[in-house]
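Close look at the chain arrangement
The primary structure of each chain is shown beneath.
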Protein chains: 2
Amino acid sequence: MDLIENLSIKDLYRLHEEGKLSEYDQKEVTLGGFVKANRTFGDVGFLAINDGSTFLNAQIVYKSSDNDALMAKLGASVKAKGVLHVTPENKQPFEVVTEHVELIGGVDESFPLQKKKTSFEYLRNYPQWRMKTNTFNAVFRVRSTLAYYIHEYFHSHGYYWIHTPILTANDCEGEGQTFNVIADEKHPEEYFNKENVHLTVSGQLHVEPFALTYGKVYTFGPTFRAEKSNTVRHAAEFWMIEPEIAWAHLSDLCDIEEEFLKYVVSHTMVDCKDDLNFFAQFVDKGLMDRLNEFVNTPFARVKYEDAIKILQNAVKDGVKFDVSDIQFGLDLGSEHERYLTEKVFKGPIFLTDYPKDIKAFYMKQNDDGKTVGAVDLLVPYIGELCGGSEREADYNKLLSRMEELGMNIPAYQWYLDLRRNGSIPHSGFGLGFERLVMLVTGMNNIRDTLPYPRCYKDMMF
Amino acid sequence: MDLIENLSIKDLYRLHEEGKLSEYDQKEVTLGGFVKANRTFGDVGFLAINDGSTFLNAQIVYKSSDNDALMAKLGASVKAKGVLHVTPENKQPFEVVTEHVELIGGVDESFPLQKKKTSFEYLRNYPQWRMKTNTFNAVFRVRSTLAYYIHEYFHSHGYYWIHTPILTANDCEGEGQTFNVIADEKHPEEYFNKENVHLTVSGQLHVEPFALTYGKVYTFGPTFRAEKSNTVRHAAEFWMIEPEIAWAHLSDLCDIEEEFLKYVVSHTMVDCKDDLNFFAQFVDKGLMDRLNEFVNTPFARVKYEDAIKILQNAVKDGVKFDVSDIQFGLDLGSEHERYLTEKVFKGPIFLTDYPKDIKAFYMKQNDDGKTVGAVDLLVPYIGELCGGSEREADYNKLLSRMEELGMNIPAYQWYLDLRRNGSIPHSGFGLGFERLVMLVTGMNNIRDTLPYPRCYKDMMF
């Protein structure tokens, strides 16, 4: 039990910030972690170790006659009992002076990390080691912190977390290609007595009945797309958050989305400030400005129709787009979205009331007969962060739309029936979790936000 | 926005418990939810509605001339603005008297729930409706609350949540049959450039490297077994929690497991007391005694070898087991486990130091050469709740054991390498989330703890 009941490095930095570290001055502490750096000057040596509790390292001061300490190379794990010295005059607010560093696990020639800067691509070959580098150490801490505050926000706001299924025979039509799941290749239909069982692309349809009973619910789980796209923004396996709220109309949904995202991001900015400082210094210089703007500025709300007019006027004024024939009905490209968020509104925007033909069957049909109550949240440099809508709550309108689209009605009868038994107006959105991690860290490849990325042609153990 | 910023039924009961509800007496409130019961007496009618925020219903008093109210059958959704009356003399501490009940969504003849008692089996055919019954309404509220406190415990104790992959080509050997995942049946290997991609049976191997960097980590996600077993305790898709803790040895692991479980269960007992009262009254009479014992009594710790002696003596004393040839090496059956927990120790026990031949390859080899540092937590009436171990941290010992078992070493080289670069002693356990839900609710079929159960021969949309 020696180490695990001790103070962590994070605890020590927190005590320092609270002005209480002097209480530990000259006291004995035990630290353990992995080695980030090791150097000697004459009689003394300095080990920088990290225990994962925070981005910051602790400095261990040892005697250069200590052979264990000398052998503690980058990546090795060590433990050291010593005396804490508060060092207000130094860059680090404290150091631990030890008689002996215990080398718990050394490293050998098979260890691929080195002191020099390594590319993110190279590190993707080593998902079991890359979290020991500064960047990935910070990425996964931020990822976990964001995930925690997502649950915390929902719990404190009266939402219930519903574990919608991963395996399904029924799914959000038109959301893309799916992976099939088979227990036995010779008898693929035998296990579940179903012709086609696949991995879910969205928990929305399955979570809607829970919203109609519990009022406020959400999903947070893995989601899958089998598209053969090899881009920096697509993964075959990623995590989604899908809140679904009874009684909420489209403008309520925007209010909730904005409050939720600002809550999660601002809490993470406090908890992970040292990680974010690192990203702002080494990964994305503009990060802090963008995040501060994100949490402090109201998100604009723009109707799709008005966005089209803005873009049409921009074309008249000489702005060049690859697609410049801009008409109602156009599925906006990222060049148009970026122009709107980065040049016109200079911040996140809710784009609402899209043409029904470019949106999903379950979205609420507006009275104009041509648009639906959809909303996408577009963010500068990130693009679409969330997509949502009010759901069509009228049985006949939903049925007509599904027939119009030639959908398999019997397979969706259970879903349609939610509109004839205890129907309530309701709305929801989906947030791709990795996009949020990218927004907050400045990392620009989804592979570098996932512990073990699973992408087209790309999967390590 | 009308309803969603109002007080929920849970808020009103909380105000009552805090002695503050009188502040709302004679004030206007708006409630919405689905109808649990509706009856009239002469000029007045009484609607019991539930909004999902709590197990408890609110009573709406209406005029029997109100046609909307009269049509609000079981399962219909309604909204009512009215005046709150604090009613200390009644069973319910308050009621809402309304001029008019708004019928938001009626029910028709397709709605399968009725006022009479229905079997759990029947309700499994209606995963989209069953959460409107008392039992399932409570089950999924308890499920969500347990899940929240799991995250809350880990976050407040310095753990990071790691999203280990669902798709994997590498897995916990010998943990059972797996589901294969295929993007394209004609070219099954094409998508990931891998021969065999399957759904994970455990995140343990993938989370271990994170424990060696971050110290304390856990997984919480879906897990899959393709076994063709049709029992009340097996599902093809279920959720697992797998904490992994650096520096922890076997006794530390028991300490953590016990503290963690008591924390999660006791917080849920407070938050969901009305749900649990219902289960104790209608599902499992012994529930409250068992849960109180669970959170208040220290869990016993017993070595496997001593358990064998206890069982051997029991056989000598005339206790009858189906398997009564009890020798070191026996994989205990549930009859033996129940005897130990229910008759001998009368409470949960940690059974430790199992024979290596009945446990997994990665467990720490004890000095006796025949046992490993494994621990199962056995609970009366539930059986095994958690299984864990200290992990073998020595490269050569782990390699020999894997060779002995004829494992595919190259596929596990990355895992082996964790023992030669920065190795740290570490331990972890796995908790099947649905078993915890069964423990806390008294439900005895895993299908009745899952929103959409996926079992052998059993899967609804």
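The structure this text deals with has already been given above.
Residues numbered from 1 in each chain as written. Chains lettered and ligands numbered in written order. Predicted model: local features only at pLDDT ≥ 70, side-chain atom pairs only at ≥ 80, totals over all residues. Heavy atoms only, no water.

Here the focus is the pattern of salt bridges. Taken as a whole, this structure holds 56 salt bridges over all chains when the rule is applied. Notably, a salt bridge pairs lysine 228 of chain B with glutamate 190 of chain A, separated by 3.3 Å at the nearest N-O pair. One end of the pair, lysine 228 of chain B, is in the loop between strand S10 (216–224) and strand S11 (237–246); the other, glutamate 190 of chain A, is in the loop between strand S8 (180–182) and strand S9 (198–199), on a second chain. In this structure, the salt-bridge partner of glutamate 404 of chain B is arginine 401 of chain B, at a minimum N-O distance of 2.5 Å. Taken together, the positions of glutamate 404 of chain B and arginine 401 of chain B, both in helix H11 (residues 395–404) and three residues apart, correspond to about one turn of that helix. (Salt bridge = Lys/Arg side-chain N within 4 Å of Asp/Glu carboxyl O. Helix = DSSP H or I, 4+ residues; strand = E, 2+ residues; numbered from the N terminus.)

All names here are of chain A. Relative to the assigned elements, aspartate 448 resides in the loop between helix H13 (433–441) and strand S17 (454–455). Within the structure, the side chain of aspartate 448 is placed 3.4 Å from the side chain of arginine 130, a separation counted as a polar contact. In this structure aspartate 448 touches Phe120, Arg124, Arg130, Phe136, Val139 and Met443, once residues within four positions along its chain are discounted. (Polar contact = N/O pair within 3.5 Å; in protein donor to acceptor, adjacent residues only side chain to side chain. Contact = heavy atoms within 4.5 Å.)

It takes a turn of 180 degrees to lay chain B on chain A, together with a shift of 0.0 Å along the axis; the resulting RMSD is 0.0 Å. Seen this way, the second copy is the image of the first under a two-fold rotation axis. When C-alpha positions in chain B are compared against the rotation axis, the closest is assigned to valine 181 of chain B, at 2.4 Å. When the interface residues of chain B are mapped onto chain A, 100% of them again lie at the interface, so the same face is used by both copies. (Least-squares fit on C-alpha atoms with pLDDT ≥ 70 in both.)

Attention now moves to the environment of isoleucine 60 of chain A. Residues and elements named next belong to chain A. Note on placement: isoleucine 60 falls in strand S3 (residues 58–63). Considered as a pair, isoleucine 60 and valine 83 are 23 residues apart in the sequence and their alpha carbons are 9.6 Å apart. Beyond its immediate chain neighbours, meaning those up to four positions away, isoleucine 60 contacts Leu31, Gly45, Phe46, Leu47, Ile49, Ala80, Val96, Thr98 and Val101.

Sheets are built from strands paired through backbone hydrogen bonds, the pairs being either parallel or antiparallel. All names here are of chain A. Reading around the circumference, S1-S2-S3-S5-S4 is the order of the five strands in this closed barrel, with mixed pairing throughout. When the angles between neighbouring strand axes are averaged without regard to direction, this sheet yields 50 degrees. As defined by bridge partners, strand S1 (residues 28–41) adjoins strand S2 (residues 44–50) across seven bridges and the pair is classed as antiparallel. Note that in S2 the partner of asparagine 38 across the bridge is leucine 47. (Pairing = 2+ DSSP bridges. Axes fitted to C-alpha atoms, helices over the stretch in contact; angles between N-to-C directions.)

The next point concerns the interface of chain B and chain A. Each partner contributes to the interface: chain B provides 111 residues, whereas chain A provides 111 residues. Summed over both partners, the interface of chain B with chain A buries about 9,400 Å², with 62% contributed by carbon and sulfur atoms. When the buried area of chain B at its contact with chain A is split by residue, His163, Tyr191 and Trp247 of chain B rank highest and sum to 9% of it. Viewed at the interface, chain A and chain B are joined by 51 residue pairs in polar contact (both at pLDDT 80 or more). Broken down by element, the residue count for the side of chain B that touches chain A peaks at 13 residues, all from helix H4 (residues 134–156) of chain B. Class assignment for the residues of the side of chain B that touches chain A results in 57 nonpolar, 29 polar and 25 charged. In this sheet, strand S8 (residues 180–182) of chain B lies alongside S8 of chain A in antiparallel orientation, the contact comprising three bridges. (Buried area = accessible area lost by both parts, 1.4 Å probe. Nonpolar A, V, L, I, M, F, W, Y, C, P; charged D, E, K, R; others polar.)

This paragraph deals with the pairing of strand S13 (residues 349–352) of chain A. Residue and element names in this part refer to chain A. Side-chain alternation along S13 places Ile349 and Leu351 on one buried face and Phe350 and Thr352 on a second face that is also buried. Of the strand pairs in this sheet, strand S12 (residues 300–303) and S13 are connected by four bridges, and their pairing is parallel. The residue bridging alanine 300 from the neighbouring strand is isoleucine 349, located in S13. (Buried < 20%, exposed > 50% of the residue type's maximum accessible area, 1.4 Å probe, protein only.)

The backbone of lysine 457 of chain A sits at a positive phi, close to 65 degrees, despite the residue not being glycine. Within the secondary structure layout, lysine 457 of chain A lies in the loop between S17 and strand S18 (458–459). Even without being glycine, aspartate 353 of chain B reaches a positive phi, approximately 60 degrees. Here aspartate 353 of chain B is to be found in the loop between strand S13 (349–352) and strand S14 (374–379).

Another aspect to go through is the sheet that holds strand S14 (residues 374–379) of chain A. Residue and element names in this part refer to chain A. Ordered in space as S6-S10-S11-S16-S15-S14-S13-S12, the eight strands form an open sheet in which the pairing is mixed. Unpaired on one side and paired on the other, strand S6 (160–161) and S12 mark the two borders of the sheet. Sitting on the sheet, helix H5 (residues 204–214) is in contact with S6, strand S10 (216–224), strand S11 (237–246) and strand S16 (426–432), with an inclination near 30 degrees to S11. Sheet strands in contact with H13 are S10, S11, S14, strand S15 (383–390) and S16, and its direction is about 60 degrees off that of S16.

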